[in-house]
Structures are given as C-alpha cells and as structure tokens.
Amino acid sequence: MLYATFLSSALLAASSLVYATPVPTEQELAVKAKVIPFVNKHAAARSPESYSHSAVSKRDLDRIHKRSERIAAVKRSGEQVSKFTKRAAALEPFDIAPARAALKKRQGNSAANSLVNSQDSLYYGDLSVGTPAQVTTIDFDTGSSDLIIPSAQCTTCVGPFYDPSKSTSFTNKNTPFSTSFGDGSTASGVLATDTISVGSLSVLNQPFAVITGSTGNFDGPNSGLMGLAFESIAQTKATPWFFNLANQGALASNIFSFYLSRQGAPGSELCIGCLDSSKFTGQPEYFPLVPGNASQSVWDIISDGFTVNNKVVTQRLVAIIDSGTSNIYLPPSQASAL
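Rules used throughout
Residues numbered from 1 in each chain as written. Predicted model: local features only at pLDDT ≥ 70, side-chain atom pairs only at ≥ 80, totals over all residues. Heavy atoms only, no water. Buried < 20%, exposed > 50% of the residue type's maximum accessible area, 1.4 Å probe, protein only. Helix = DSSP H or I, 4+ residues; strand = E, 2+ residues; numbered from the N terminus. Pairing = 2+ DSSP bridges. Contact = heavy atoms within 4.5 Å. Disulfide = S-S within 2.5 Å.

A. The pairing of strand S5 (residues 147-150), seen in detail. Side chains Leu147 and Ile149 project from S5 onto one buried face, and the interleaved Ile148 and Pro150 project onto a second face that is buried too. For S5 and strand S9 (residues 224-227), the ladder comprises two bridges, and the chain directions are antiparallel. Within the sheet, the bridge partner assigned to Leu147 lies in S9 and is Met226. Here S5 runs beside strand S8 (residues 201-215); their pairing, made up of three bridges, is parallel. The partner of Pro150 across the bridge, within S8, is Ile211.

Structural data, given as structure tokens:
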C-alpha cells in the first residue's frame, strides 16, 4: 500500500498567496474504510464490509516480528541472511539516515530530492525530463494529480523550460489539454509522453502536459507542477508518476515523505521511496485515509477538530494534507466557530 509521511518543523502558516491546488469543499465525514501502514496493495480496493484495518495491521506487524526473529536466529547460526532481508520491501519504511542506511540493503531505489524553501510558503525542486535530460523546477503537489511542464512557447510561464524538439524520447499525443485552478489561473497545452526522472528514479513514457499558455498566477518561482495525488482526479487521465514507480516495484518502500524547513533554513527535502529519521525525533504517526478505497482522490484524513485553550471548538473534519499550499481552509460554519 502507498502512504505518505509529512515531516515539518512547524505547522504551515496561513498566507495571503494563492497557489495551484483547488480549494477544498465540505465533504462527507463518514469513514467508509481505512488505509494504514503495512497494508497490502489490494486492501484499498476492498469494500468496507470485507476490509478490517485492525486485522490487516495485526497480520502485517506479526509478519515483521516473525521475520525479525528468523533473521536473528539465522545470524546466530552464522548463515547468510540476504534471502530474508530482501523480502517484503514495502512492509516498513526505508530509512535513508546515514547512520542506519549503512546497516540496510533493500531491493528497489529511493531518491532524496532537495527542495528550495521560498519564504516558508512554497517548496520546489528539480525534475529531469527527456533524453538527454533537461532539468526544470517543480512544485511537488499532493493536492493534484497531473504533471504539467511549461515549454518556451508559454510566454507567461517561467523557466527553466522544456524543449520537446531536443528529446529523442518525446512523443506528442496530439491531444489538447487545459486545466484551471482554485485561484482562477489556467494552463493549456498538449498531452505528451517522455522519460521523467527525480534523482535515480525514472519512468519511461510518462504521460504529462506540455504547457504552451497560461493565465493568472501560473508564474513561478517554480516552472511546473507534479501532482502526487491519485489517478481518479488526473485531468490527463494518466497514472501519476509516483504511482507508476510503485506499480513497477521500483521503490525501496512505497512511500514519499517531506521535510519542510522554516524561516528560510536549508535542508528541505522530498524523499521518494524513503524517509530520513535524521530529520525528526520520535516515531512517525500514521493516519487512515478517507474513504480509503479505489475512489481515493487526494490524501484526505479525519481531523478531530480545532482547539482553543485545549477545548475543541469545531466539528470533526475531513482534511486534505496538501503540500501545494501554505493556506489552511475551513468551511464557513467551522471558521465562524473557530
């Protein structure tokens, strides 16, 4: 199962700036099913009646415990343990912290991609496109699902631009593309495929939109946008890049994690297929997704509400964990209560 971890030194503050992710609306609060760490890849497609998150969690935690016991026993006997350590790569997060990475070997890859902190309100990093690779800058957005990359034809966009004529792996699908965002801005162009890479992680023939025109706030500081949400809301109708990697078994763990610095400090990072325990203390906390089935669109979780002076003043809410905005949105009724 896929899951995401968000590690930040502080809650993202509200900002007057508006970014590309659509504004959330009030949603049904009933939890129809749950998705938690260690769930197998088919769990999200099961119906609520057939899916028990507690049973799945207990099963997979028992597997990890038994596997650890078997490895310990093999080590005591002096035999090789490689065949045990290569199993079930996605059962536990792959930690790239230097002190621990040296002790682990894992099938699959991961990439730690440095992010630029733009005034604590936007974080973006490098993306390679085409053959040979052309590097552009991308807002990695968990609130959308499309990959959109501007070309030099877009006079209202900012670079670095992608030039399809210089890529031997580019294929024009000759399908028009257009999209609009919650702030009223728009982007248009044509659908295509090419090799898309972050670090050592690559997807061949990844569908995306080559942007040739835009309006509104589609003007940087980053050039393009990579959606990390689910395929159900992709206007390109394409499987998002991260999910393609997971489906191909290319990742050390089927996760991605963010570390977002504050006050302009360096070190912000997107870790794809991994997390980095040197960036935090304690243990990550995991939350079930809503609705937690094949209709999942974004990284929605249940929030118990907002508190003032240790008193809950709002109702339970469905909250989108959204790396593409620094704003905190509430339905009008709940904003009034707060």
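From this point, the narrative continues.
B. The arrangement of the side chain of Asn244 in detail. Positionally, Asn244 belongs in helix H4 (residues 241-247). For Asn244, a relative accessible area of 16% gives the class buried. The contacts of Asn244, once residues within four sequence positions are left out, are Val203, Gln206 and Thr239.

C. The state of the cysteines, seen in detail. Evaluation of the coordinates by the stated rule reveals two disulfides. Here Cys154 engages in a disulfide with Cys157; their sulfurs sit 2.0 Å apart. Note on the Cys154 and Cys157 pair: the S-S dihedral is about 65°, so by sign convention the disulfide is right-handed. Accessibility assignment for this pair places Cys154 and Cys157 in one class, buried. Here Cys271 connects covalently by a disulfide to Cys274, the sulfurs 2.0 Å from one another. Taking the torsion about the S-S bond as the criterion, the Cys271 to Cys274 disulfide, at about -110°, is left-handed. Considered together, Cys271 and Cys274 belong to a single accessibility category, that of buried residues. Counting only the cysteines that take part in disulfides, in the order they occur along the chain, gives the pairing 1-2, 3-4.

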